[in-house]
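Below are the chains, spelled out letter by letter.
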Amino acid sequence: MTDLTLPTYDNVLAAAQRLEGFAHRTPVLTSRTVNEALGAQVFFKCENFQRMGAFKFRGAFNALSKFDDAQRRRSVVAFSLGNHAQAVALSAKLLGMPATIGMPEDAPAMKIAATRGYGGNVVLYDRYKEDREQIGRDLAEKRGLTLIPPYDHPDVMAGQGTAAKELFDEVGPLDAFFVPLGDGGLLSGSALSTRTLSPDCEIYAVEPEAGNDGQQSFRSGNIVHIDTPKTIADGAQTQHLGNYTFPIIRRDVNDVLTASDAELIDCMCFYASRMKMLVEPTGCLNFAALRKMKAQMSGKRVGVLISGGNVDIQRFAELVAGQ
Ligand SMILES: *Cc1c(COP(=O)(O)O)cnc(C)c1O
């Protein structure tokens, strides 16, 4: 752990070039209703409109496009709660290599189906009993595949940072930026872009109330491990931050906040009814926290990174019907 070379904003810039022509430059939306309700100016960077429906395409494609010929021939393996699986499967397809993907058997059906749809060879596992990282390493060793983890990898982190880069390029510096937190790939990449493009911007990470390992780690200064949390935010059912992501988070992030499942459902309803878009529960974490900070955010320019929109429509209907 001593000689980790952490990625920098230069790596984000290089990733942005690799992604040119492959990733969508997603829209930045505003809502008069939100601005009036919060007394702030809020900019939503909509990665729910990214290819495969989430920002994870950025990190996966950046990592896979750096493979050498031998790695391309032997191909890639990934393990994922859902969106990284789709991201690796689609990136591999675009780059002409096969992909083997470990996914939890209770991952949303649409995420499993989409991963198979992109040509990924899906291997299912029990996330409450089996260790996904061990499964990934086993597959990598047995078959000689290159393992691309969903977050704790400099190329993945740099790729994820390109969404925040685009946001700042488009709207200029902000006072505060709210980012969902799972394992910290998105957050650490976003922090690299923020500290260069809007150095004084406060960065708030938001994770599920049911699993606040990130908050505990941030506040204690050590990576805290927890059991897989039970929450509807399936993209953030994570157990610990990574060796690469944690130092950047500690250095660059202002605070780690939490949101409850009920607050996530409320945000899903808001996004659907007022902004006409489908956002998955994990993608609602940051807006849920921002809505609780009205007093502190009054008069400020605030960024909200909507991380993804992959939720089964049936599941969406069930969740919002409970409201
Ligand atoms: C993966 C994911 C996150 C969390 O990202 P990390 O890099 O694991 O912190 C948030 N939202 C969505 C939609 C995701 O797929």
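Computed from a prediction, not measured in an experiment: that's the story for all the values here.

1. Description of helix α3 (residues 56–64)
- With nine of nine residues buried, α3 lies mostly within the body of the structure.
- Residues Lys-56, Phe-57, Arg-58, Gly-59, Ala-60, Phe-61, Asn-62, Ala-63 and Leu-64 constitute the buried set of α3.
- The elements touched by buried residues of α3 are α1 (9–19), β2 (41–46), α4 (69–74), β3 (76–79), α5 (83–95) and α8 (154–171).

2. Some details on the site of the ligand
- In the region of the ligand, 14 residues are neighbours, and Lys-56, Asn-83, Gly-182, Gly-184 and Ser-307 sit closest.
- Measuring from an oxygen atom of the ligand, one finds a side-chain N or O atom of Asn-83 at 2.8 Å.
- Contact distances for the ligand include 2.8 Å between an oxygen atom and a backbone N or O atom of Gly-182.
- Contact with the protein chains hides 98% of the accessible area of the ligand, taken as 380 Å² for the molecule alone.

3. Structural notes on helix α6 (residues 109–117)
- Residues Lys-111, Ile-112, Ala-114 and Thr-115 constitute the buried set of α6. Looking straight down α6, one finds that the buried residues subtend no more than 165 degrees of arc, so they occupy a single side. Turned more than 90 degrees from where α6 packs its buried face, Ala-109 and Gly-117 sit exposed.
- Looking at the buried side of α6, the elements it contacts are α5, β4 (99–104) and β5 (121–125).

4. Re the side chain of Ser-31
- Relative to the helices and strands, Ser-31 is located in the loop between β1 (28–29) and α2 (32–38).
- Within the local environment of Ser-31, its side chain forms a polar contact with the backbone nitrogen of Val-34, the two atoms lying 3.0 Å apart.

Definitions and limits used
Residues numbered from 1 in each chain as written. Predicted model: local features only at pLDDT ≥ 70, side-chain atom pairs only at ≥ 80, totals over all residues. Heavy atoms only, no water. Buried < 20%, exposed > 50% of the residue type's maximum accessible area, 1.4 Å probe, protein only. Helix = DSSP H or I, 4+ residues; strand = E, 2+ residues; numbered from the N terminus. Contact = heavy atoms within 4.5 Å. Near = heavy atom within 4 Å. Polar contact = N/O pair within 3.5 Å; in protein donor to acceptor, adjacent residues only side chain to side chain. Areas by Shrake-Rupley, 256 points an atom, 1.4 Å probe, with all protein chains shown as cover. Arc of directions from axis to C-beta.

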